[in-house]
Amino acid sequence: MFRTRATALASLAAVGVLLLSACNGEDIAADSAASGFSFLSGTAKQNNADMSAGDLAAEAAPVPAARAKKPVVRKWVQLSAGRAGALDPVVINGAGFTLYRFDKDTADPSVSNCTGDCATTWPPYLVAPGGRVFIDGVDKSAIGFIERDGAFQVTIGGWPVYLFSKDIKAGDTNGQGVGGTWFGVRPDGGKAGQAADGTGDQPAAGADPTSPPARSATFFDGANFADPAQGVAAPGCQNVRFSGSLQMSGFAKIWDGPDCTGKSLTVEGDVPDLAAIGFTTVKSVGFAD
């Protein structure tokens, strides 16, 4: 919970934010007196929001938000329970981008520990004071906010949420499993791809990509790059035959099912022993566009 003083709202009016035209819709929470936010059921489109603003503004997408290296504050956000890649359910925003949670944050109390370079790679999902929150399949009781960067970072189930700078297009889930600490967020705040008890199909190892997306990779039958081998190249998803080790420049996502299905993990650079990071079987690799 939080309180927003009238003086804070006045000073924040000068903050550069993405503009929003008037929206129509049925208010499902009379929170304006306490927070200035309006919660409305349905999508931004259903509520006649400005389709060039909020989540859909060009500068609000993950890549330009990361390049700007400064907070991007939206006049409206949309929280939809949906599907992205193999994650179902996962919360996506109004532009279809996956929202993520960070294991090094805390949910009770809600605290973000992603700052500096981390917040450039993982832009915090910020809404302006007095902004609108469109709810599409997410329970309002799971939604909260923490003050940050002159605005408010959205929380789900207490967990602060973020975008990932290497998600290029709507539906990408390149941040899933990164570093063993980043996961898509479920509508209840849990980790997407995992059961409510924390078990599931996501491994607990990974890499936090710092290099560009890989354009090719070589998979070896044995550990430590023992032949035979198979080379594959971008774009898109490529099926592979070997699961011993991997040579690659850049990052990509490996899957234990064909056609980029099943358990997945983002990896970067050479992996001398895939079994050591929880992948005894690799059936496909996905290259970022």
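None of these values were measured; they are calculated from a predicted model. (Residues numbered from 1 in each chain as written. Predicted model: local features only at pLDDT ≥ 70, side-chain atom pairs only at ≥ 80, totals over all residues. Heavy atoms only, no water.)

*Asks:* Mind showing me how you'd approach the sheet that holds strand β16 (residues 245-248) here?
*Replies:* Whenever strands of a sheet pair, they do so through backbone hydrogen bonds, lying parallel or antiparallel. Strand order in this open sheet of 3 strands is β14-β13-β16, and the pairing throughout is antiparallel. Taken across any chain shown, the strands that pair with only one partner, and hence form the sheet edges, are β14 (226-233) and β16. Recorded for the sheet is a direction-independent mean angle of 25 degrees between the axes of neighbouring strands. Note that strand β13 (residues 216-222) and β16 share 4 bridges and pair antiparallel. By the bridge assignment for β16, alanine 217 is matched with methionine 248. (Pairing = 2+ DSSP bridges. Helix = DSSP H or I, 4+ residues; strand = E, 2+ residues; numbered from the N terminus. Axes fitted to C-alpha atoms, helices over the stretch in contact; angles between N-to-C directions.)

*Asks:* Even after reading the chapter, I still don't get the state of the cysteines, so can you show me in this structure?
*Replies:* Covalent bonding between the sulfur atoms of two cysteines defines a disulfide. Here the structure, examined in full by the defined rule, presents 2 disulfides. Paired by a disulfide, cysteine 114 and cysteine 118 hold their sulfur atoms 2.0 Å apart. One quick way to see it: the torsion about the S-S bond of cysteine 114 and cysteine 118 is about -110 degrees, and its sign makes the bridge left-handed. Residue classification places cysteine 114 among the buried residues on the basis of a relative accessible area of 0%. Through a disulfide, cysteine 237 is tied to cysteine 260; the S-S separation comes to 2.2 Å. Residues cysteine 237 and cysteine 260 are joined by a disulfide whose S-S torsion is about 105 degrees; by sign, that bridge is right-handed. One end of the pair, cysteine 237, is in strand β15 (residues 236-239); the other, cysteine 260, is in the loop between β17 (251-257) and β18 (261-268), and 23 residues separate them in sequence. (Disulfide = S-S within 2.5 Å. Buried < 20%, exposed > 50% of the residue type's maximum accessible area, 1.4 Å probe, protein only.)

*Asks:* What is the right way to look at the nonpolar core in this model?
*Replies:* One broad trend across soluble globular proteins is that nonpolar side chains are buried collectively. Residues Leu79, Leu99, Val133, Ile143, Phe145 and Val154 are the most contacted members of the largest nonpolar core, which totals 21 residues. The set of elements that each furnish at least two residues to this core consists of β3 (73-84), β8 (126-136), β9 (143-148) and β10 (151-156). The residues contacting leucine 99, other than those within four sequence positions of it, are Leu79, Val90, Val91, Asn93, Tyr125, Val161, Tyr162, Leu163, Phe183, Gly184 and Val185. Ala252, Phe279, Val282 and Val285 belong to the second largest nonpolar core, which has 18 residues in total. (Core = buried A, V, L, I, M, F, W, Y, C linked by side-chain atoms within 4.5 Å. Contact = heavy atoms within 4.5 Å.)

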